[in-house]
Amino acid sequence: MDSQIIYLALAVLAFGLALNLKLTMSVLRTTRLERDVPDMLPPGVSVPLVTAHTLIDRRQVPLVGNGQASVLLFLSSKCPKCRTKLAELEQMVPAAQEAGLALWLVSEESAWRLRRFVLGTALLSRVVRVNLKDYKALNANLMSPGYLFVNHEGVLEAIGLIGDENWLALRAQLNPDANQDNTQDNTSQE
């Protein structure tokens, strides 16, 4: 056999072996990360106290346990459904502030990505960043668009996806006129 063919066959085998090792290590790393993910917080437990910094001025703010009820929102800039929720959330900001409800968009994404995601909305001042460990402590399943409702004592009241029954109840409480308009629209369509 020609020596060049043997060298070529050895190079192909070495490349295949290296690729196999890389893929195997990737699978092992992924399974190890999944094993380290904590369970989702059940309602009735205290929400972990995490360090959050505002996106605009990097000021440290308490998300829970400061005597004020909070809604912690989990959106991802990579999620198309999350992008469609921005207008709804922007409309809720003034009503939430008037009701004494702290509304925070919590993320572990980079600052530049978050700025681009909420640019031109009233949500820019409501965005806070946390590290990945704290993000997973609050949002173990990495759900988006998701939320946590936390009472004034820092106890979790509800958890879910934006648009579910609990979310719609909050939206109706913050803006009863919009809820009546939606009800009238639904009955006129039937």
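Source: prediction; values computed, not measured.

On a plain count of helices and strands, the protein comes out with six helices and seven strands. Start at the N end of the protein and walk to the C end: the helices and strands fall as α-β-β-β-α-β-α-β-α-β-β-α-α. Per-residue burial over the protein gives 35% buried out of 190 residues. Within the protein, counting contacts between residues at least 6 apart in sequence, those at least 24 apart form 66% of the total. In the form shown here, the protein has an accessible surface area of approximately 11,800 Å², with 55% of it arising from carbon and sulfur atoms.

Before going further, it helps to spend a moment on helix α5 (residues 165-174). Inspection of α5 places Trp167, Leu170 and Leu174 among the buried residues, and these make up the whole buried set. Down the axis of α5, the buried set is contained in an arc of 60 degrees. They therefore lie on one face. Residues of α5 that are exposed and point over 90 degrees away from its buried face: Glu165 and Gln173. Of the residues that open α5, the one with a side-chain oxygen 3.3 Å from the backbone nitrogen of Asn166 is Asp164.

This brings us to unusual backbone geometry. The linkage connecting Ser144 with the following residue, Pro145, adopts the cis geometry, with an omega of -5 degrees. With respect to the element layout, Pro145 can be found in the loop between α4 (132-138) and β6 (146-150). Even without a glycine there, the phi angle at Arg58 is positive, about 60 degrees. Relative to the assigned elements, Arg58 resides in the loop between β1 (52-54) and β2 (60-61). Positive phi values are uncommon outside glycine, yet Leu142 reaches one of about 55 degrees.

Quick look at the packing of helix α2 (residues 80-99) against α5 now. Relative to each other, α2 and α5 sit at 60 degrees, their axes nearing to 9 Å. Here α5 runs oblique to α2, going by the angle between their axes. α2 and α5 meet at a crossing whose hand is left-handed. Where α2 abuts α5, its residues Glu88, Leu89, Met92, Ala95, Ala96 and Ala99 lie against Trp167, Leu170, Arg171 and Leu174. Of the residues that constitute the contact of α2 with α5, the class distribution is eight nonpolar, no polar and two charged.

Turning our attention to the packing of aromatic side chains. What describes a pair of aromatic rings is the distance from one ring centre to the other and the angle between the planes of the rings. According to the stated counting rule, one finds four aromatic pairs in the structure shown. Between the aromatic rings of Tyr147 and Phe149, the centroid separation amounts to 4.3 Å while the plane-to-plane angle is 25 degrees, which identifies the pairing as stacked. With a centroid separation of 6.3 Å and 20 degrees between ring planes, the pair formed by Phe149 and Trp167 is classed as stacked. Of this pair, Phe149 sits in strand β6 while Trp167 sits in helix α5; the two residues are 18 residues apart in sequence, bridging distant segments of the chain. Accessibility assignment for this pair places Phe149 and Trp167 in one class, buried.

Parameters and conventions
- Residues numbered from 1 in each chain as written.
- Predicted model: local features only at pLDDT ≥ 70, side-chain atom pairs only at ≥ 80, totals over all residues.
- Heavy atoms only, no water.
- Helix = DSSP H or I, 4+ residues; strand = E, 2+ residues; numbered from the N terminus.
- Buried < 20%, exposed > 50% of the residue type's maximum accessible area, 1.4 Å probe, protein only.
- Contact = heavy atoms within 4.5 Å.
- Areas by Shrake-Rupley, 256 points an atom, 1.4 Å probe, with all protein chains shown as cover.
- Arc of directions from axis to C-beta.
- Polar contact = N/O pair within 3.5 Å; in protein donor to acceptor, adjacent residues only side chain to side chain.
- Axes fitted to C-alpha atoms, helices over the stretch in contact; angles between N-to-C directions.
- Parallel < 35°, antiparallel > 145°, perpendicular 65-115°, else oblique.
- Left-handed = near helix turned anticlockwise from the far one by under 90°.
- Nonpolar A, V, L, I, M, F, W, Y, C, P; charged D, E, K, R; others polar.
- Phe/Tyr/Trp six-rings, centres within 6.5 Å; stacked < 30°, edge-to-face > 60°.

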